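Listed here are the chains, written in short residue letters.
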Amino acid sequence: GPDIPESHPRHESLLTRHRIEDGVDRGLTSRQGLIAQGRGEAFDYLLGEETIPSADAAERAAAAHLLSADHPVISVNGNVAALAPGETVALAEATGADIEINLFNRTDERIERIAEHFRNYGAEGIKGLAADARIPGLAHERAKVDADGIAAADVVLVPLEDGDRAAALAEMGKTEVVVDLNPLSRSARTAAVPVVDNLLRAVPNMTAHAEDLAGADPDTLGSIVESFDADAALSAAEDRIRNL
Ligand code: PTJ
């Protein structure tokens, strides 16, 4: 890794940038991923670079949704592959979710590389390679999903999703959990559960909540899901940004 002293005030942020750069060099992450990361960092700075209480509540609700789903799927892209591959595999294991690769800028080459990357982190049965179903209402490449993956899912976790796809998935009746540091983004506003937090903190915290809720009965999970208020979570994040 890069030689960044731990005392550097932006140590974490510089390490994260390096991971994205490395992802681009390895053909996992798109160059647009660099731009997305920069945008995310700005919001993270404004949020105080921590998991605010409303985000923690969203992460617990997300875990409850994934655990009570019949067919949960975690959608991954080039930024997720670069930032949190092992953490994503751990979340999939803790919740019984499948991992499906879905790219904004889809190329077969990048799909193959990302699949191999996740396999190296212990993922099995990676989806997204068959691409034998379509999300209605989207342009050809971005509409591609697996028939036994996202197409059949009831709950989908979509980290860093674009607004169009988030809306199209919601339109299909999927329950969406979106991880996005921008509380004003269309994807966050579309989500049943908007997680306004850095993917790097959100994924391990969802896993911790899933492990904590592992033996919970359906009523307990149901009441966590029911008591979560998406609008209140978005307002709390916006409030934090304005009043930090
Ligand atoms: O690998 P691909 O081809 O699927 O492309 C993936 C990206 C992310 C490049 C693509 O989906 C894209 O261009 O996304 P956007 O429209 O830039 O949206 C990314 C959103 O994620 C923005 O709202 C950012 O604020 C947010 N974001 C960026 N980094 C993080 C983040 N949210 C949480 N954690 C992050 N680390």
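Structural data are supplied above this passage.
For clarity, every value in this text was computed on a predicted model and none was experimentally measured.

**Q** How should I be thinking about the environment of glutamate 109 in this particular structure?
**A** For glutamate 109, the location among the structural elements is in helix H6 (residues 108-120). With 35 residues separating them along the chain, glutamate 109 and isoleucine 74 place their C-alpha atoms 21 Å apart.

**Q** Sorry, what's going on with the packing of helix H1 (residues 11-25) against helix H2 (residues 31-46) here?
**A** Axes are the key here: two packed helices are described by the angle between their axes and the distance separating the axes. Where H1 contacts H2, the axes come no closer than 9 Å and their chain directions differ by 165°. Considered as vectors, H1 and H2 are oriented roughly antiparallel to each other. The chirality of how H1 crosses H2 is right-handed. Contacts between H1 and H2 involve Ser13, Arg17, Ile20, Gly23 and Val24 from the first element and Arg31, Gly33, Leu34, Gln37 and Glu41 from the second. Taken together, the residues of the contact of H1 with H2 sort by class into three nonpolar, four polar and three charged.

**Q** Which parts of the structure should I look at to understand the packing of helix H3 (residues 53-68) against helix H11 (residues 218-227)?
**A** Running from N to C, H3 and H11 point in directions that differ by 135°, and their axes come no closer than 8 Å. As the angle between them shows, H3 and H11 are arranged oblique. The chirality of how H3 crosses H11 is left-handed. In this structure, H3 uses Arg60, Ala61, Ala64, His65, Leu67 and Ser68 to contact H11, whose residues at the interface are Pro218, Leu221, Gly222, Ile224 and Val225. Tallied by class, the residues present in the contact of H3 with H11 amount to seven nonpolar, three polar and one charged.

**Q** What's the story with the pairing of strand E1 (residues 72-76) in this structure? I'm lost.
**A** The side chains of a regular strand alternate between both faces of the sheet. With five of its five residues buried, E1 lies for the most part within the structure. A two-sided burial pattern is seen for E1, the buried positions comprising Pro72, Ile74 and Val76 on one face and Val73 and Ser75 on the other. In this structure, E1 lies alongside strand E5 (residues 155-159), joined through three bridges in parallel fashion. Each bridged residue has a counterpart across the sheet, and for valine 73 the counterpart in E5 is valine 156. Bridge count between E1 and strand E2 (residues 98-101): four bridges; the pairing is parallel. Across the sheet, the residue bridging to valine 73 is aspartate 98, located in E2.

**Q** What is the right way to look at the sheet that holds strand E6 (residues 175-179) in this model?
**A** Pairing between the strands of a sheet is mediated by backbone hydrogen bonds and can be parallel or antiparallel. One open sheet accounts for five strands, arranged E2-E1-E5-E6-E7; its pairing is parallel. Because the sheet does not close on itself, it has two edges, and the strands there are E2 and strand E7 (193-195). Here the average twist between neighbouring strands, direction ignored, is 20°.

**Q** How should the site of the ligand be read in this particular structure?
**A** Close to the ligand lie 24 residues; Ala36, Gly40, Asn77, Gly78 and Phe104 are nearest. Going through the elements one at a time, H2 and helix H4 (78-83) are the ones with two or more residues in the shell around the ligand. Sorting elements by how many residues they give to the shell around the ligand places H2 first, with seven residues. For the shell around the ligand, the residue count by class is nine nonpolar, 12 polar and three charged.

**Q** Even after reading the chapter, I still don't get helix H10 (residues 199-212), so can you show me in this structure?
**A** For the α-helix, the turn length of 3.6 residues means that residues three or four positions removed from each other point alike. Helix length check: H10, at 14 residues, gives a terminal C-alpha distance of 20 Å against a target of 20 Å (1.5 Å per residue), a fit within 8%. All of the buried residues in H10 are Leu199, Arg201, Ala202, Val203, Asn205, Met206, Thr207, His209 and Ala210. On its buried face, H10 is in contact with H3, H4, helix H5 (85-95), E5, E6 and E7.

What counts and how
- Residues numbered from 1 in each chain as written.
- Predicted model: local features only at pLDDT ≥ 70, side-chain atom pairs only at ≥ 80, totals over all residues.
- Helix = DSSP H or I, 4+ residues; strand = E, 2+ residues; numbered from the N terminus.
- Axes fitted to C-alpha atoms, helices over the stretch in contact; angles between N-to-C directions.
- Parallel < 35°, antiparallel > 145°, perpendicular 65-115°, else oblique.
- Left-handed = near helix turned anticlockwise from the far one by under 90°.
- Contact = placed C-beta atoms within 7 Å.
- Nonpolar A, V, L, I, M, F, W, Y, C, P; charged D, E, K, R; others polar.
- Buried ≥ 20, exposed ≤ 12 C-beta atoms within 10 Å, placed from the backbone.
- Pairing = 2+ DSSP bridges.
- Near = placed C-beta within 6 Å.
- Expected span 1.5 Å × (residues − 1).

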